[in-house]
Amino acid sequence: MTDEAKADVEQEKKDLGRAREGDLEAYNRLVERYQGKIYAIAYNMTGNNEDAKDLTQDIFVKAFRNLKRFKGDSSFYTWIYRIAVNHTINFLKKRNRHNFYSLDDVDQGVEKDPDYIELVSNSEPFRNAELSELQKKLNEAIQKLSDKHRAAVIMHDIEGLPHEEIAKILGCSEGTVRSRLFYARRQLQNFLQEYQT
Amino acid sequence: MKCEDLAEYLLDLDKCPDELRDHLETCEKCRAEVDGQRFVYRMLAIKRHELPDPDAEADIVAGVRSKLFRAEKSELSRFRFSDLRWFAKPVLQTAAAALIIVLAGSYFFEADNIPDEPVLSHQAKFHHELDLPLISRTAPEWLVSDTNVAPEQIQYGPLRSRLVELQLEGE
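Below or above, wherever it landed, is the structure these notes cover. (Residues numbered from 1 in each chain as written. Chains lettered and ligands numbered in written order. Predicted model: local features only at pLDDT ≥ 70, side-chain atom pairs only at ≥ 80, totals over all residues.)

Quick look at the overall build of chain A
Part 1: Helix and strand content of chain A: 10 helices and 0 strands.
Part 2: If you list the helices and strands of chain A from N to C, you get α-α-α-α-α-α-α-α-α-α.
Part 3: Here chain A holds 197 residues, and the buried ones make up 36% of them.
Part 4: When contacts within chain A are restricted to residue pairs at least 6 apart in sequence, long-range pairs at least 24 apart make up 68% of them. (Helix = DSSP H or I, 4+ residues; strand = E, 2+ residues; numbered from the N terminus. Buried ≥ 20, exposed ≤ 12 C-beta atoms within 10 Å, placed from the backbone. Contact = placed C-beta atoms within 7 Å.)

What about the overall build of chain B?
Part 1: A count of helical and extended segments in chain B gives 7 helices and 2 strands.
Part 2: Along chain B, helices (α) and strands (β) appear in the sequence α-α-α-α-α-α-β-β-α when read from the amino end.
Part 3: A total of 171 residues make up chain B; the buried ones form 14% of that total.

Some details on the interface of chain A and chain B
Part 1: Listed per partner, the contact involves 44 residues of chain A and 32 residues of chain B.
Part 2: Of all the elements in the fold, those that place two or more residues in the side of chain A that touches chain B are α2 (24-46), α3 (49-65), α5 (114-122), α7 (131-144), α8 (147-158) and α10 (174-191) of chain A.
Part 3: It is α2(A) that contributes the most residues to the side of chain A that touches chain B, 10 residues altogether.

Concerning the nonpolar core
Part 1: Core analysis: the largest hydrophobic core is formed by 57 residues, its most contacted members being Ile38(A), Tyr39(A), Ile41(A), Ala42(A), Ala84(A), Ala152(A) and Met43(B).
Part 2: Sequence-distant contacts of Ile41(A), that is, excluding residues within four places in its chain, are made with Tyr81(A), Ala84(A), Val85(A), Thr88(A), Ile154(A) and Glu159(A). (Core = buried A, V, L, I, M, F, W, Y, C linked by C-beta atoms within 7 Å.)

Re the packing of α10(A) against helix α3 (residues 28-43) of chain B
Part 1: Viewed as axis vectors pointing N to C, α10(A) and α3(B) meet at an angle of 80°, and their least axial separation amounts to 9 Å. With respect to α3(B), the element α10(A) is oriented roughly perpendicular. For the pair α10(A) and α3(B), the contacting residues are Arg185(A), Arg186(A), Leu188(A) and Gln189(A) in the first and Gly36(B), Gln37(B), Phe39(B) and Val40(B) in the second. (Axes fitted to C-alpha atoms, helices over the stretch in contact; angles between N-to-C directions. Parallel < 35°, antiparallel > 145°, perpendicular 65-115°, else oblique.)

Side note on the packing of α2(A) against α8(A)
All names here are of chain A.
Part 1: At a minimum axis distance of 10 Å, the contact between α2 and α8 shows a crossing angle of 130°. As judged from the angle between their axes, α2 and α8 are oblique. For the element pair α2 and α8, the recorded crossing hand is right-handed. Where α2 abuts α8, its residues Ile41, Asn44 and Met45 lie against Arg150, Ala151, Ile154 and Ile158.
Part 2: For the contact of α2 with α8, the per-class residue count stands at 5 nonpolar, 1 polar and 1 charged. (Left-handed = near helix turned anticlockwise from the far one by under 90°. Nonpolar A, V, L, I, M, F, W, Y, C, P; charged D, E, K, R; others polar.)

Okay, here's the thing in structure tokens:
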């Protein structure tokens, strides 16, 4: 671990300690540090920007109110991610229909991504489609998955979390995570097969 | 390696073990499965490059602050019965016990005082212990005239009365 990373970990510990005592400034630093990740899981799970923002706020409020219960057995990141996934799944259960999807912008870097380049060079339907169309189809396909399968795909294939971490967050075995991921990808393949050569 | 084991090997697509490579050379079905899984992973690159709504960051920080502030404010102003748990439990238990004692006591007290014999219309009866007169609904003439009780002082009805004192003289 670099000196910078160590200092970062130390700062997080201090902020956590202060936030537990009710220091909102310290907690704000934690919010700023993790809001991007939490927003991403909420956005990818719901497919909606406004819902994702509201959910992210609620998740951080809920975490703050339960900070005293955080024992430090896992990292703060794992702990708040677990709250985020469970809170979002509960929200989706209450929401009866997916009435509106929003599209976030895609950065320029996607065109240099080896996976994207591979598809552009090998798949004609993919090459011919507009990026926004692909994005829309992807969002719709992801929303068709069950909450648990969706969570596994988002955390592993989009957010890049390792199986071990996902297992801790979802409270299941690594084998279950692998299995969910496998079947989720298989379903996605069916939904998106028009773009596969 | 068997086809059923594919799921286990597939997940780390870049770390394709020799065992899997050998199997894929001979099994078309598994090759198609691997291609499908790789296709999905590659297509998800688009999601990996999505940028959050530019206003999201500011909205989230401000929203968390305001929700925490509001929650704190309403915590202070809200009366919660749960706060009284430490207090309410023994108080309620004591009150329930007291109520049972009072009800039981009044039942036995009443039961002791109810005369076994019916009150006759021409009789004024006295309870043995309390010396309380029991006045019948229709006080007879002789009772009124032979006592020093004015008619308006006599309470009629089946109630025991503590308001009058009867002095019975003669027969």
